[in-house]
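Understanding the architecture of this molecule
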Amino acid sequence: MKYTHITYILLSVLCVFSVASCSSVNVTSEGTISKDAEIYPDYRDVTVPCNIAPMNFNYIGPGDAAVLSIEGVGQIKADKDGLFKFSKKIWNKIIEAKGAEFTVMAKIDGKYQSYNPFRIEVSDDEIDQFLVYRLIPPGYQGWKDMGIYQRDLSSYEQTVVLANNLTSEGCMNCHSFNMRNPEQMVFHTRSRFAGTTVVDGDMVEKLNTKTDSTISNFVYPFWHPDGIHIAFSVNSNFQSFYSSHIDRIEVFDKASDIIVYNIKTKEITWSPLTKSEDQWEVSPCFSPDGKYLYFSSADPVPEMPDDHKDVRYSIKRIAFDAATETYGETLETVYDAHETMKSASFPRISPDGRYLAFTEQDFGYFAIWHTPADIKMLDLQSGIGNADYTVVEKDDMNSEAADSYHTWSGNSRWMVFSSRRDDGLYTRPYIAYVNEKGESSKAFMLPQKNPRKYYDNQMCSYNIPELASSKVKVTPHQFEDVLRNTRGTNVKVKQ
């Protein structure tokens, strides 16, 4: 190939521009500002996993320009969006150093001034590589543009698991994995092509889950570690939309039970203690060893929705033998709503069996829209039923907004949960480190290439963040084919 004289000139200019744009910044601070820099997201003094994507952030304070000084690395300059973007090389240096101190310098009134420094610590404890969530527009909007997506936490790559443009814009919800393994997955679709889809290795099957013995189709799921049984709630649930209220939506039950489904026999079982008219049972969870089934349980109230603020859920458990599909004869109370006068939902036990995390709110179980909702934990080491069991407060993790649905990492060191703290409207995924003593660090928002631009333009809430050890391999069109073109298998009641 021959190059013209003009081509050589253009190539030379491009090379000069490239060198200039990659050259190091060397700015000297001419003063100090004794306050924290305004950055988005707030990544000041957080602890992050060593396999997380670069924690880019935006400077949103005053000034004509901004520079970031990084301990042991050097300086980088913010772009026109105030974005501090870490190259792979720079981020790897920070990871290798187990963290760094950062100082933002802003050019104000013609001179650079330094804000208070802050640190980002890097933990050797990795987080599971993928986060799977539903993206849903506000107010449901006829379920338009809803989908389940998976994000590679070591990068910014997001790919679709199933979007509802393939299923005539029907609702999809409640995706769940067996111990974070996407080879075993379950989720529901509603409206057209309705059913519960179960993935078991190469098998993808749609189930028709309403029976003459249950009050509804399957709702909230949780896998037993044996990979054969899945606990579900069955709910007679309703929604109320507020015209003028900070919490906007209330979801409540008029009845609910807990059943267990066997994916091999296609049969369901239950105990009279998990399917009782005397209690409303919801949000099941198996212990990591599979020996106990935990769930939330409330006393019914006379009138719903009039009395919905009087419904408070305790956390209870019952023994479960997966081999014989038999249940214990008694219930144990783990968290007593009659004593706390609060309500607890969605128990989730750390894989090491030490801590039970749950969402605590004033009433009900649909905490995602309850502004006072917080994540709390019980130290199971102190013993079930012990009056002195330890409730671990999560002050560093929680906020003034709704902090709700949560999931553990496989090593029990990280928790991902939903929070509306960013703007009070949309839920975003937050990640927090939890050490062996149950102490948590300040939570940080899921990183993006350009966080401010991304989240300002993201008009959907992240719903049900679930960690996964690898990528969901079933393609969207495989799911579409099963949902559209199979009649579904009818579940049975075990005799």
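Residues numbered from 1 in each chain as written. Predicted model: local features only at pLDDT ≥ 70, side-chain atom pairs only at ≥ 80, totals over all residues. Heavy atoms only, no water.

Note: strands within a sheet are paired through backbone hydrogen bonds, in either parallel or antiparallel orientation. Strand order in the open sheet formed by 3 strands is S1-S3-S6, with antiparallel pairing between adjacent strands. The outermost strands of the open sheet, each flanked by one partner alone, are strand S1 (39-40) and strand S6 (83-84). (Pairing = 2+ DSSP bridges. Helix = DSSP H or I, 4+ residues; strand = E, 2+ residues; numbered from the N terminus.)

What follows concerns the packing of aromatic side chains. Tallied over the full model, the rule gives 22 aromatic pairs. Where Phe-102 meets Phe-118, the ring centres are 5.6 Å apart and the plane angle is 15°; that geometry is what we call stacked. Note that Phe-102 is positioned in strand S7 (residues 99-108) and Phe-118 in strand S9 (residues 118-123), a separation of 16 residues in sequence. Aromatic side chains Phe-187 and Phe-479 sit 5.1 Å apart centroid to centroid with 85° between the ring planes, which places their arrangement in the edge-to-face category. You can see Phe-187 sitting in strand S14 (residues 181-189) and its partner Phe-479 sitting in helix H5 (residues 476-485), a full 292 residues away along the chain. Like Phe-479, Phe-187 is buried. (Phe/Tyr/Trp six-rings, centres within 6.5 Å; stacked < 30°, edge-to-face > 60°. Buried < 20%, exposed > 50% of the residue type's maximum accessible area, 1.4 Å probe, protein only.)

What follows covers the pairing of strand S30 (residues 403-408). A large share of S30 lies buried, amounting to 6 of its 6 residues. By the bridge criterion, 4 bridges tie S30 to strand S31 (residues 414-419) in an arrangement that is antiparallel. Bridging across to S31, Thr-407 finds its partner in Val-416. Here S30 folds back onto S31 in antiparallel fashion, the turn holding 5 residues, of which Ser-412 has a positive phi close to 65°.

Overall, the prediction assigns the protein a mean pLDDT of 90, with 89% of residues at 70 or greater. A low-confidence stretch, residues 1-23 stays under pLDDT 50, and its non-local contacts, those more than four residues away or across chains, total 2 contacts. (pLDDT = per-residue confidence, 0-100. Contact = heavy atoms within 4.5 Å.)

This part covers the pairing of strand S12 (residues 158-163). Pairing geometry for strand S11 (residues 147-152) and S12, over 5 bridges, is antiparallel. Counted as the bridge partner of Gln-150 is Thr-159 from S12. Here S11 hands over to S12 after 5 residues, the two strands then running antiparallel side by side.

Quick look at H5 now. Residues of H5 that are buried: Pro-476, Phe-479, Glu-480, Val-482 and Leu-483. All buried residues of H5 lie within an arc of 165° about the axis, which places them on one face of the element. The exposed residues of H5 that point more than 90 degrees off its buried face are His-477 and Asn-485. On the buried face of H5, the contacting elements are S12, S14, strand S15 (195-200) and strand S16 (203-208). (Arc of directions from axis to C-beta.)

The 5 strands are arranged S13-S14-S15-S16-S35 in an open sheet whose pairing can be described as mixed. Each edge of the sheet is formed by a strand with only one pairing partner; in this case those strands are strand S13 (172-178) and strand S35 (489-490). Alignment of S13 against S14, held across 5 bridges, turns out to be antiparallel. Along S14, the bridge assignment pairs Asn-173 with His-188.

With that settled, the discussion passes to the pattern of salt bridges. All told, the structure shown has 20 salt bridges when counted by the stated rule. Between Arg-44 and Asp-42 there is a salt bridge, with its nearest N and O atoms 3.5 Å apart. By relative accessible area, Asp-42 is classed as partly exposed at 32%. For Arg-428, the salt bridge goes to Asp-422, with nearest N and O atoms at 3.9 Å. (Salt bridge = Lys/Arg side-chain N within 4 Å of Asp/Glu carboxyl O.)

It is worth spelling out unusual backbone geometry at this point. Cis geometry is found at the peptide bond from Tyr-40 to Pro-41, where omega equals -10°. Counting through the fold element by element, Pro-41 comes out in the loop between S1 and strand S2 (46-49). The phi dihedral of Met-179 is positive, around 50°, even though this residue is not glycine. Mapping Met-179 onto the fold places it in the loop between S13 and S14. One non-glycine residue, Met-341, lies in positive phi territory at about 60°. By the secondary structure assignment, Met-341 is in the loop between helix H3 (337-340) and strand S26 (343-349). Taking relative accessible area as the criterion, Met-341 reaches 47% and is therefore assigned partly exposed.

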